[in-house]
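# Examining the three-dimensional arrangement
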Amino acid sequence: MANANSNPAAAGVTPIGLRRRITDHVMTGLAVLTVILVLLPLIAIFGYLVYKGIGSINLAFLTQTPKPVGEAGGGMANAIVGSMLILAIASLLGVPLGIGAGIFLSEYGRNRYGDIVRFVSDVLNGVPSIVIGIVAYGLVVMRQKHFSALAGGVALAIMMVPTIARTTEQMLLLVPQAIREAAYGLGVSRWRTTLSITLRTATSGVITGVMLAFARVAGETAPLLFTAFGNQFWNLKPNQPTAALSLQIFTYAISPFDEWHRQAWAGALVLIILIVGAVAAVRIAVRHGTLAGA
Amino acid sequence: MSNQALPRPRFNAPEPEHGPSERGSKVAPKVEPRTAPLLQGKVSEIPDAFFAAAMRLCGFAVVALLGLIVYQLVIGSHLSWHAFGWKFFGQSDWNPVEDQYGALPFIYGTIISSILALIIAVPLSLGVAVFITEMCPVTLRGILSFLTELLAAIPSVVYGLWAIFILVPVLRQYVQPFLATTLGWTTLFSGPPYGIGMLAAGVILAIMIIPIISSITREVLTVVPQHQREGVLALGATRWEMIRLGVLRNARAGIVGAIILGLGRALGETMAVTMVIGNRPEIAKSLFAPGYTMASVLANEFTEATGDLYLSALIEIGLALFLVTIVVNALARLMVWSVTRGQPARSLA
Amino acid sequence: MGVGINVEHLNAFYGKTQALFDVNIAVAANHATALIGPSGCGKSTFIRCLNRMHETIPEARVEGAVRIGDLGVYNGTSATQLRRRVGMVFQKPNPFPTMSIYDNVAAGLKLNGFRKRKQLDEIVHKSLHSSALWDEVKDHLHKKSGASLSGGQQQRLCIARALAVQPEVLLMDEPCSALDPISTGKIEELIFQLKEQYTIVIVTHNMQQAARVAEFTGFFLLGKMIEFDKTEKIFTNPSDKRTEDYVTGRFG
């Protein structure tokens, strides 16, 4: 330690001075204070979500489409379904590509090309979601000449890929080389080994990574603003503008109507429950799916 | 490998404990006769080559995605770049009616709100990270890390919703009057307390980036070798001195990287900021005044941009935002990698 | 029946480092051949060259000729094809952790597209019998994971798994090094039985084991095959001074 000499503690055998002891206590106190200050908004956010949201979640909210301004009632059913549609499209596009890229990184990318892909996917992870929205707009909306669930799905898929690729890579690398060799030794080809042995062994980890990516994009709003756009009515067609829960929350939150504010809180609570629920459900399913002793 | 302990083997007198001959016939395996191999036919190499090519294509697609993003942004902003050149980033006039576009107010808003967020978030995140890794009892450690990471799972729009209805009124009624009376002379905290404005944006951004900074800092702190701590403690240091000299000093590069990653997230954050910053393209000195960021102007005006030049100007803002976040993120990655040796900062997701 | 193995001028490399130098050997069919030598002498690398497992390591490569029966190992045959005729058992038992006992044994056939249920049942049954594991696992073939067995059972499971593909040659890379003496005894006994029908090459760091199970023994040192002869000759009257030093425990 280069700085050991300047350390007052090195001064000698004298008992630790009062000032140093006080500093120690003060710093510990400050650290505890920061924890409290950080937990405060967390508690406040979840507290208000439940407090404001729970009263507005009812059957109508979950089964009806929005009512025009001024009319009470109505719900976000179309937005909930719209979100699922967009997320399904995103998963359909993003998950295979992400897992494929992850397989490349762990099984074929232990070299300079792999390093480039690794670095690029980490960089992609940091691209602001609104910028991804612009790209999906240019790729899909400009060509189709109208907004669509597909465009929203493309935007979210682009966001899922780097996360899935990197977690898949890590999970596959955790599978011991000996397991791969066991399969090679039986005359199993490399592709078959990768899919049926390596990926199979790492399934629960890979799924966790996918869910992480899913949870991350499930609440995204910015990239949907000018891709999925939103819709006051039912839509199940991938090439039409579609409502999404997060978009609806945004629209309602910045509106001047109390009734809509109430619904925005309810929507936010539903969104959080869906995200947490999806992650939890998959975790449980994965745990029960594996053999005893594995 | 050492065979010293073994008795010298003599082939003609093998008397090991488990010689095959001594085994009772009870356990002796009866090796079944072999039959003709069931697997017939030649193995083709084509599926293997095809699979490898497909996976390489997926890996390449990640790079291609980045290329696609750059391409879309460059093509889209072409018109605006030709019309305004570098002036685009120096002008503060944003007037769609007269087709005059200058991005300065947005750049200003993005930078100020992010810096404000860092000023608030850095001490808090570092405090939490230090507390969790160095001070807190092990039983509490898992719970606290889980709770701080839970903050990262909340969608941006939900932060915005909460900020509009809870944070902004609190700022308006309590925080802003207090800041105005105590620090009003700095002119940073002057003007009418709307609640909504730069300060609110900074605070909500701070809350959002705390989990990133603190979790990566935690990762970095945990890789500081134990002997660095023990070395300082052995000199008779107090716990705080041990943390300052033995831990923080060794993790400096990684912590700076974590902070820059937080900055990268703050720069591009859209929804929550859009909902509370006030969305007025003006450069005001007071933090109470409304502002506008690059991300929020995209969120608000992109779908309304009717003119080609208008749209192009917005895309150019997107390009600028993209380039800045790329540089910031790449820098941060390299700094974090230098400490954690290439393991990716996973908590980013 | 097993087939013989002929190795000529074999050189193996890891990147720029050469691990094997001009190895020549003729392994007799239906016998067990042991390879001994100190750690890092190249005996494991050598055995991994016989089924082209060596080349799965990045930047590893091989020069020279290997023939297994009538098959040229480095002669344009695909590695996958070759490995169906040359089974391998590894140092540490490595059953597929997500598969049941049954699926572990059937893996080699199933993963290669063999789907006939009845024949699969038959071959799993036979292979587990041959590896003396049947009685211990017959009640939970489908219920228990391969990873839930004890170390010795796992290794016998791996042997059954290798036998199920019906190879002619069985390569064993220190199969007992991770096992207790009882399990080691069972495996050795098995080797004794198996060599009636298979050609066995076994790498071992345990000279007693070589003496117990193998008719022929090769001694490796620093990547070179120093001596290859009848096991009895190697242990009692080696012709090379270095072999004598090693088998009498003067180094290694």
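Residues numbered from 1 in each chain as written. Chains lettered and ligands numbered in written order. Predicted model: local features only at pLDDT ≥ 70, side-chain atom pairs only at ≥ 80, totals over all residues. Heavy atoms only, no water.

Our focus in this paragraph is the pairing of strand E9 (residues 216-221) of chain C. All names here are of chain C. For E9, the buried fraction is high: five of the six residues fall into the buried class. With four bridges joining them, strand E3 (residues 32-36) and E9 adopt parallel strand pairing. Bridge assignment links Ala34 to a residue of E9, and that residue is Thr217. Summarising the sheet, E9 and strand E10 (residues 224-230) pair through six bridges and their orientation is antiparallel. (Buried < 20%, exposed > 50% of the residue type's maximum accessible area, 1.4 Å probe, protein only. Helix = DSSP H or I, 4+ residues; strand = E, 2+ residues; numbered from the N terminus. Pairing = 2+ DSSP bridges.)

Residues and elements named next belong to chain C. In terms of domains, chain C is made up of domain 1 (1-85 + 170-252) and domain 2 (92-166). Across the contact, twelve residues belong to domain 1 and 15 residues belong to domain 2. Together domain 1 and domain 2 conceal approximately 1100 Å² of surface at their shared face, both sides included; 70% is due to carbon and sulfur atoms. Its largest share of buried area at the contact with domain 2, domain 1 owes to Arg84, Lys186 and Leu190, together 39% of the area lost on that side. Inspection of the domain 1/domain 2 interface yields zero salt bridges. Taken together, domain 1 and domain 2 are joined by two residue pairs in polar contact (both at pLDDT 80 or more). Mapped by element, the contributors of at least two residues to the side of domain 1 that touches domain 2 are strand E7 (169-173) and helix H7 (181-194). Sorting elements by how many residues they give to the side of domain 1 that touches domain 2 places H7 first, with five residues. By residue class, the composition of the side of domain 1 that touches domain 2 is nine nonpolar, one polar and two charged. (Domains from an automatic or database assignment. Contact = heavy atoms within 4.5 Å. Buried area = accessible area lost by both parts, 1.4 Å probe. Salt bridge = Lys/Arg side-chain N within 4 Å of Asp/Glu carboxyl O. Polar contact = N/O pair within 3.5 Å; in protein donor to acceptor, adjacent residues only side chain to side chain. Nonpolar A, V, L, I, M, F, W, Y, C, P; charged D, E, K, R; others polar.)

All names here are of chain C. If you trace the six strands from one edge of the open sheet to the other, you get E6-E7-E8-E3-E9-E10, paired in mixed fashion. Of all the strands in the sheet, just strand E6 (86-89) and E10 have a single pairing partner and so form its edges. The mean angle between the axes of side-by-side strands here comes to 15°, regardless of whether they run parallel or antiparallel. For E3 and strand E8 (residues 199-203), the ladder comprises four bridges, and the chain directions are parallel. Within the sheet, the bridge partner assigned to Ala32 lies in E8 and is Ile200. In this fold H7 packs onto E3, E7 and E8, with an angle of close to 150° to the strand it touches most, E8. (Axes fitted to C-alpha atoms, helices over the stretch in contact; angles between N-to-C directions.)

Right, let's get into the confidence of the model for chain B. All names here are of chain B. Looking at chain B as a whole, its pLDDT mean stands at 86, while 89% of the residues score no less than 70. Counting contacts from residues 1-27, a segment whose pLDDT is below 50, to residues more than four positions away or on other chains yields 45 contacts. Note that pLDDT drops below 50 for residues 343-349; the model gives that stretch 21 contacts with residues more than four away or on any other chain. (pLDDT = per-residue confidence, 0-100.)

The side chains of a regular strand alternate, residue by residue, between the two faces of the sheet. Among the five residues that make up E3 of chain C, five are buried, leaving the element largely enclosed by the rest of the structure. Burial along E3 of chain C is two-sided: Ala32, Ala34 and Ile36 of chain C and Thr33 and Leu35 of chain C, pointing in opposite directions, are all buried.

Moving on, we come to the layout of surface pockets. The volume enclosed by the second largest pocket comes to roughly 700 Å³. Forming the walls of the second largest pocket are 27 residues, and the residues nearest its centre are Tyr184 and Arg190 of chain A together with Glu55, Thr56 and Ile57 of chain C. Those elements that place two or more of their residues in the lining of the second largest pocket are helix H3 (77-108), helix H6 (149-174) and helix H7 (177-185) of chain A, helix H1 (46-84) of chain B together with helix H2 (79-83) of chain C. Ranked by residue count, the leading element in the lining of the second largest pocket is H7 of chain A, at four residues. (1 Å grid on protein atoms, 1.4 Å probe; cavity = no way out; pocket = protein on both sides within 12 Å on 5 of 7 lines; lining within 4 Å. Points joined across faces, edges and corners; volume = space filled by probe spheres on them.)

Another aspect to go through is the packing of aromatic side chains. One pass over the full model with this rule turns up 24 aromatic pairs over all chains. Note on Tyr137 of chain A and Phe226 of chain A: the rings are 6.4 Å apart at their centroids and 85° apart in plane angle, and the pair reads as edge-to-face. Of this pair, Tyr137 of chain A sits in helix H5 (residues 129-144) while Phe226 of chain A is found in the loop between helix H9 (203-218) and helix H10 (245-253), placing the two residues 89 residues apart along the sequence. With respect to class, Tyr137 of chain A is no different from Phe226 of chain A; both count as buried. Note on Trp265 of chain A and Phe165 of chain B: the rings are 6.2 Å apart at their centroids and 50° apart in plane angle, and the pair reads as tilted. Taken as a pair, Trp265 of chain A in helix H11 (residues 258-289) and Phe165 of chain B in helix H4 (residues 156-183) lie in two separate chains rather than in one. By relative accessible area, Phe165 of chain B is classed as partly exposed at 21%. A connected cluster of aromatic rings, assembled from ring pairs, spans Trp81, Phe84, Trp86, Phe88, Phe89, Trp94, Tyr101, Phe106, Tyr292 and Tyr310 of chain B. Stacked on the ring of Phe96 of chain C, the Lys or Arg Arg161 of chain C has its end atom at 4.6 Å from the ring centre. Lying across the ring of Phe192 of chain C, Lys195 of chain C places its NZ or CZ 4.1 Å from the centre. (Phe/Tyr/Trp six-rings, centres within 6.5 Å; stacked < 30°, edge-to-face > 60°. Lys NZ or Arg CZ within 6 Å of the ring centre and 35° of its normal.)

Enumeration over the complete set of coordinates arrives at 26 salt bridges over all chains. The closest approach of N and O atoms between Glu63 of chain C and Arg61 of chain C, which form a salt bridge, is 3.3 Å. Judged by its relative accessible area of 38%, Glu63 of chain C is partly exposed. The exposure class assigned to Arg61 of chain C is partly exposed, which follows from its relative accessible area of 40%. Residues joined by salt bridges that share partners form a network here, namely Arg110, Asp115, Arg118, Asp122, Arg166 and Glu169 of chain A.

Residues and elements named next belong to chain A. For the pair H3 and helix H8 (residues 190-201), the least separation of the axes is 12 Å and the interaxial angle reads 110°. By the criterion of interaxial angle, the relationship of H3 to H8 is roughly perpendicular. Contacts between H3 and H8 involve Ile99, Ile103, Glu107 and Tyr108 from the first element and Arg190, Thr194, Leu195, Thr198 and Leu199 from the second. (Parallel < 35°, antiparallel > 145°, perpendicular 65-115°, else oblique.)

Membership of the largest hydrophobic core comes to 259 residues, with the highest contact counts inside it found for Ile130 of chain A, Trp94 of chain B together with Phe46 and Leu128 of chain C. With 17 residues, the single largest contributor to this core is helix H5 (residues 198-222) of chain B. If sequence neighbours within four positions are ignored, Ile130 of chain A has contacts with Ala222, Leu225 and Phe226 of chain A together with Gly268, Thr270, Ala295, Leu298, Ala299 and Leu321 of chain B. Counting 31 residues, the second largest nonpolar core, distinct from the first, contains Leu163, Ile200, Phe219 and Val247 of chain C. (Core = buried A, V, L, I, M, F, W, Y, C linked by side-chain atoms within 4.5 Å.)

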